[in-house]
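# Summary of the model geometry
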Amino acid sequence: MAGAVLASGMAMAQGDKQVRLIVTGAAGSGMDGIARAMSPALSRAAGQGVVIENLAGAGGVTGTAALARAPKDGSTLGIVSSNHAINPAIYKSMPYDSAKDVTPISVLGTVPIVLLVNNEVPASNLKEFIALLKARPGHYNYGSGGNGSALHLAGELFASEAKVEVRHVPYKSNANLTTDLIGGQIQFGYLAVSSAAGLVKSGKLKALGVTTTQRSVALPEVPTLAEAGLPQYSFDAWVALVAPTGVPQAAIAQWYGHVKTALAQKEVQDALALQGVTPVGMPPEQAVPFFKGEFAKHAALVKLSGASAD
């Protein structure tokens, strides 16, 4: 088990038991960074220890399956990403029901994705780039972190909104994607702002827009894709705190209170800002319909892309 005890004490129905926090991404991933930024403050708010356990694999399926099987007493919580809403559409079968077996506590934050182009691409803004793509249909390749990933679907939505024909190249890692994008093996691609900011500021790649409806604090000079020429474009990658379905609503509400307390702490805000994360803190009564909408949105994008993980 990867993780560390971040605090200890007594609180809630679990008494002095520590809370197991399953992070469905690898150590060092974006969602892991968010979990580690928030866990000390969550521990203080709850008055009990939190143990982070990274259970990565299959786009979050491995960790979420463990969460779904966990006791329904509030002693085990989980951190999931947008992949949670994508997986039902790309896997023919999964060991749990994404909508029924997991209950959202709060959408913690959103992570802007950046549209990046190789420096040799003769376009300095989004409108020039779209014109270039339309002039040579199917000629340009874009990379993402794998079939059905949030980065892939951000690209599919772009192609649909811009009405362009491009070829998708899936990568097993963002590191390989970045190497090929800088080297010109692919002409454009998508990365989370935390991975893209340094590359843009050092001049290794050009950023044409971020996928969210608001600019990123990490790249404030980069417009949104909506500002740059695609007014209907909006794609959020997000991270949420969830529980196995069956945990009492009182515990769900209590943990949401701890989330609000944690997100109000300056140290948490600063840590999230360093990662390019926009804090949200969405309450459970809003997170439930939000999840439902995300399942529908991503199912439509997966159908459009033809992506499959099986």
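For the structure itself, look to the data block above.
I will try to describe carefully the structure that is included in this document.

### Some words on the overall build of the protein chain
Helix and strand content of the protein chain: eleven helices and eleven strands. For the protein chain, the C-alpha radius of gyration of 20 Å lies close to 19 Å, the compact-globule estimate for 310 residues. Here the protein chain, with 310 residues, has 54% of them falling under the buried criterion. Once local pairs closer than 6 in sequence are excluded, the contacts in the protein chain between residues at least 24 apart make up 79%. For the protein chain, the computed accessible surface area is about 12,800 Å², with 54% contributed by carbon and sulfur atoms.

### Brief notes about the side chain of Thr 64
Inspection of the secondary structure puts Thr 64 in helix 2 (residues 61-69). If we skip the residues at most four places from it in the chain, Thr 64 touches Thr 24, Val 80, His 84, Tyr 96 and Val 102.

### Looking at the packing of helix 1 (residues 30-46) against helix 9 (residues 249-263)
Put simply, helix 1 and helix 9 touch, their axes get as near as 8 Å, and they point 125 degrees apart. Our classification of the angle between helix 1 and helix 9 gives oblique. You can see that helix 1 and helix 9 cross each other, and the crossing is right-handed. Of helix 9, the residues touching helix 1 (which contributes Met 38, Ala 41, Leu 42, Ala 45 and Ala 46) are Trp 255, His 258, Val 259, Thr 261, Ala 262 and Leu 263.

### So, the side chain of Glu 294
With respect to the secondary-structure elements, Glu 294 resides in helix 11 (residues 284-305). Non-local contacts of Glu 294, meaning those with residues more than four positions away in its chain, are made with Ala 85, Asp 236 and Trp 238.

### Comments concerning the packing of helix 1 against helix 10 (residues 266-274)
Between helix 1 and helix 10, the least distance of the axes is 9 Å, while the angle of their chain directions is 175 degrees. Taken as axis vectors, helix 1 and helix 10 run roughly antiparallel relative to one another. Between helix 1 and helix 10, the contacting residues are Ile 34, Ala 37, Met 38, Ala 41 and Arg 44 on the first element and Glu 267, Val 268, Ala 271 and Leu 272 on the second. Class assignment of the residues belonging to the contact of helix 1 with helix 10 gives a composition of seven nonpolar, no polar and two charged.

### Re the environment of Asp 270
With respect to the helices and strands, Asp 270 occurs in helix 10. What makes Asp 270 partly exposed here is its relative accessible area of 38%. Taking the C-alpha atoms as reference, Asp 270 lies 9.1 Å from Ala 37; in sequence the two are 233 residues apart.

### A closer look at the sheet that holds strand 9 (residues 206-210)
Spatial strand order, 7-6-8-5-9: five strands in an open sheet with mixed pairing. If you trace the sheet from one side to the other, it starts and ends with strand 7 (167-170) and strand 9, each paired once. Pairwise comparison of adjacent strand axes, ignoring direction, gives a mean angle of 30 degrees for this sheet. As defined by bridge partners, strand 5 (residues 113-117) adjoins strand 9 across four bridges and the pair is classed as antiparallel. Following the sheet pairing, Leu 115 is matched in strand 9 by Gly 209. Across the sheet, helix 5 (residues 150-162) lies against strand 5, strand 6 (141-144), strand 7 and strand 8 (188-192), angled at about 130 degrees from strand 8, the strand it touches most. Of the strands in this sheet, strand 5, strand 6 and strand 8 touch helix 6 (residues 174-183), which is tilted by about 140 degrees from strand 8.

### With respect to the sheet that holds strand 1 (residues 19-23)
A sheet is described by the order of its strands in space; here six strands give the open sequence 2-1-3-10-4-11, paired in mixed fashion. A strand with exactly one partner marks an edge of an open sheet, and here the two such strands are strand 2 (50-54) and strand 11 (278-279). With five bridges connecting them, strand 1 and strand 2 associate as parallel partners. When the bridges of strand 2 are listed, Val 23 appears paired with Asn 54.

### Points about the pattern of salt bridges
This model, assessed by the stated rule, comprises six salt bridges. Note that Asp 32 and Arg 36 form a salt bridge whose closest N and O atoms lie 3.0 Å from each other. Here Arg 36 and Asp 32 lie together in helix 1, a separation of four residues that amounts to about one turn. The salt bridge partner of Arg 215 is Glu 227, with a shortest N-O separation of 2.9 Å. Of this pair, Arg 215 sits in the loop between strand 9 and helix 8 (225-228) while Glu 227 sits in helix 8, placing them twelve residues apart in sequence. Note on Glu 227: relative accessible area 49%, which makes it partly exposed.

### Side note on the nonpolar core
Counting 73 residues, the largest nonpolar core has Met 38, Ile 79, Phe 129, Phe 158, Phe 188, Tyr 190 and Phe 235 as its most contacted members. Non-local contacts of Tyr 190, meaning those with residues more than four positions away in its chain, are made with Ile 113, Val 114, Leu 115, Tyr 142, Gly 143, Leu 151, Ala 154, Gly 155, Phe 158 and Leu 177. Within the second largest apolar cluster, 18 residues are counted, among which are Leu 181, Leu 205, Ala 207 and Ala 218.

Rules behind the numbers
Residues numbered from 1 in each chain as written. Predicted model: local features only at pLDDT ≥ 70, side-chain atom pairs only at ≥ 80, totals over all residues. Heavy atoms only, no water. Helix = DSSP H or I, 4+ residues; strand = E, 2+ residues; numbered from the N terminus. Rg over C-alpha atoms; globule rule 2.2 N^0.38 Å. Buried < 20%, exposed > 50% of the residue type's maximum accessible area, 1.4 Å probe, protein only. Contact = heavy atoms within 4.5 Å. Areas by Shrake-Rupley, 256 points an atom, 1.4 Å probe, with all protein chains shown as cover. Axes fitted to C-alpha atoms, helices over the stretch in contact; angles between N-to-C directions. Parallel < 35°, antiparallel > 145°, perpendicular 65-115°, else oblique. Left-handed = near helix turned anticlockwise from the far one by under 90°. Nonpolar A, V, L, I, M, F, W, Y, C, P; charged D, E, K, R; others polar. Pairing = 2+ DSSP bridges. Salt bridge = Lys/Arg side-chain N within 4 Å of Asp/Glu carboxyl O. Core = buried A, V, L, I, M, F, W, Y, C linked by side-chain atoms within 4.5 Å.

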